[in-house]
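# Overview (structure and organization)
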Amino acid sequence: MSAFSPTDCFRLEPGVRLRPVPELGHCLAYTPARPALHRLNPSAWLLAELADGGSFEAIATEYGHAVAELGGQADLPDVAAGLASLIDLGIVGRVDTHGKEGV
Amino acid sequence: MNPRLTSPPKVAISITGACPLSCRHCYGDCGHAPQDSELGIEEWRTAIRQLASDGVISLHIEGGEPLLKPGFLGLLGEASQSMFTMLRTHGTLIDAAMARALRDNGVGRVLVDVMGSTAETHEWFTQVPGSFAASLDAVRHLVDCGIPTDVLVILTRQNAPEIQGILDLAARLGAERVGVLRLYPLGRAKRIWSTIALPLADQMRTIAELRPPEGLGLMQSWHPNNHNCCWQSAAVIANGDIVGCPYLREDVNHGNLRETTLQQAWETARLWRTLRAGAVEQSCPDCSASEGSHGGCRATAYAWHGRWTAPDPFDPILNDGVDVSLLPDRLLPA
Ligand code: SF4
Ligand code: SF4
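Under an unreviewed UniProt entry, chain A has the name PqqD family protein and belongs to Neoroseomonas marina.

See the structure below:
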């Protein structure tokens, strides 16, 4: 079961910078609020790119389409786990949909 | 074949050649005052903005002593908004207030150089009494501020018996890792090479015998960690010269930041492109299946053999009878 509701929305935390390194098949993510540099694998990279303020449902749908294009299949628990990891690292945050942005 | 990056994600800068210490082995031949030719702080700030917009996301800052650069904290604060910043320092200027200032300006990691586990050995190198205690205090202050902190040591004849002691000391101080680095024939180190350089077998034995205390990371740059990492390396020294790697500063110049950008040099400098392509005459077969040392470090390969494709003599597999405790003829003082 997902820890997120389908309507929970997600976006990059303020100041987070993504630096794709396509030659090496990964993306670097810098989190200035907790200074650290993280190396994202392609799945985490895709989720971080998709976290543009949209809902969990929308992110999961787009993620599923992208994975399907590569001949794979994405499960909702995988998407939830991936987002949870990005949240733990301070790369992605939940958007407060009740009018103001969450922290 | 090495990966071909269209632009470098990580860059190292030597922001100043000024330093209050007088290390006998100083690679930059640093003095107490900056050279007239150094980039000013505003030139550095402009250059760093350009680096960020060209895709650099990790900035390693060293010197000299970076904290001596006027305006350094402001530069750090700006850079750390868009780049992971690492500061290499000997630490003698870091008291509790400076550690807090570094944290508040977003530093990501600090690397503190020591040259021994005792004041006697460390200060034989630095030639400044009290500098050992000051460096250790710096590590304490940085750790107290929650800044990830590493200790670095360059392995020499004098400190080889003390490397384990440095590991133990670093663990007690709360450092996360110790990096044991190879000695390079640069700057003042060249002039005292036969006094401070160890034969390769002694270096390898010293590294093999190390037992890091639990919880302390050990980084070391001997085989198979002597990667030919020129493919991803980019560096600028205090006068703005683009040198690819700080260890190449005496043999390479890909342009100057006053005349070009690092990205332009990355794309156009012929020698840089050659070094990044990674052609080597010989590689260690044992590690070539993984990322591999791939011929080893280009700086020492070139220093001893005068060819960019030569094998790294600090690699025991590729050493071929070279005594690295003796300076190569091409580097002997005239
Ligand atoms: S602390 Fe570093 S920069 Fe300063 S003199 Fe020693 S080696 Fe050179
Ligand atoms: S000179 Fe050596 S340490 Fe520097 S980038 Fe090249 S291989 Fe790496």
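## Quick look at the site of ligand 1
Every residue close to ligand 1 is listed here: C19(B), L21(B), C23(B), C26(B), C30(B), G64(B), H90(B) and R188(B). Residue composition of the shell around ligand 1, by class: 5 nonpolar, 2 polar and 1 charged.

## Structural notes on the interface of chain A and chain B
In this complex, chain A contributes 12 residues to the contact, which on the side of chain B involves 22 residues. Of the roughly 1,300 Å² buried between chain A and chain B, counting both surfaces, carbon and sulfur atoms make up 62%. The largest per-residue losses of area from chain A upon contact with chain B belong to R17(A), R19(A) and Y30(A), which jointly make up 46% of the total buried on that side. For the pair chain A and chain B, the number of links is 0 salt bridges. Between chain A and chain B we count 8 residue pairs in polar contact (both at pLDDT 80 or more) in total. The element that contributes the greatest number of residues to the side of chain A that touches chain B is strand 2 (residues 17–21) of chain A, accounting for 3 residues. For the side of chain A that touches chain B, the per-class residue count stands at 8 nonpolar, 1 polar and 3 charged.

## Concerning the environment of A80(A)
Residues and elements named next belong to chain A. In this structure, A80 sits in helix 3 (residues 76–88). Using a relative accessible area of 9% as the deciding quantity, one classes A80 as buried. As a C-alpha pair, A80 and A3 span 77 residues in sequence and 6.9 Å in three-dimensional space.

## Let's talk about the side chain of E65(B)
Residue and element names in this part refer to chain B. Along the polypeptide, E65 turns up in the loop between strand 2 (58–62) and helix 2 (72–79). R88 is the oppositely charged side chain nearest to the buried, salt-bridge-free E65, at an N-O distance of 9.1 Å. Reaching out from E65, the side chain makes a polar contact with the backbone nitrogen of L67 at a distance of 3.0 Å. At 3.2 Å, the side chain of E65 and the backbone nitrogen of H90 are in polar contact. For E65, the contacting residues outside a window of four places in its chain are T16, A18, C19, P20, T89, H90, G91 and L93.

Criteria and thresholds
Residues numbered from 1 in each chain as written. Chains lettered and ligands numbered in written order. Predicted model: local features only at pLDDT ≥ 70, side-chain atom pairs only at ≥ 80, totals over all residues. Heavy atoms only, no water. Near = heavy atom within 4 Å. Nonpolar A, V, L, I, M, F, W, Y, C, P; charged D, E, K, R; others polar. Contact = heavy atoms within 4.5 Å. Buried area = accessible area lost by both parts, 1.4 Å probe. Salt bridge = Lys/Arg side-chain N within 4 Å of Asp/Glu carboxyl O. Polar contact = N/O pair within 3.5 Å; in protein donor to acceptor, adjacent residues only side chain to side chain. Helix = DSSP H or I, 4+ residues; strand = E, 2+ residues; numbered from the N terminus. Buried < 20%, exposed > 50% of the residue type's maximum accessible area, 1.4 Å probe, protein only. Lys, Arg positive; Asp, Glu negative; His and termini not counted.

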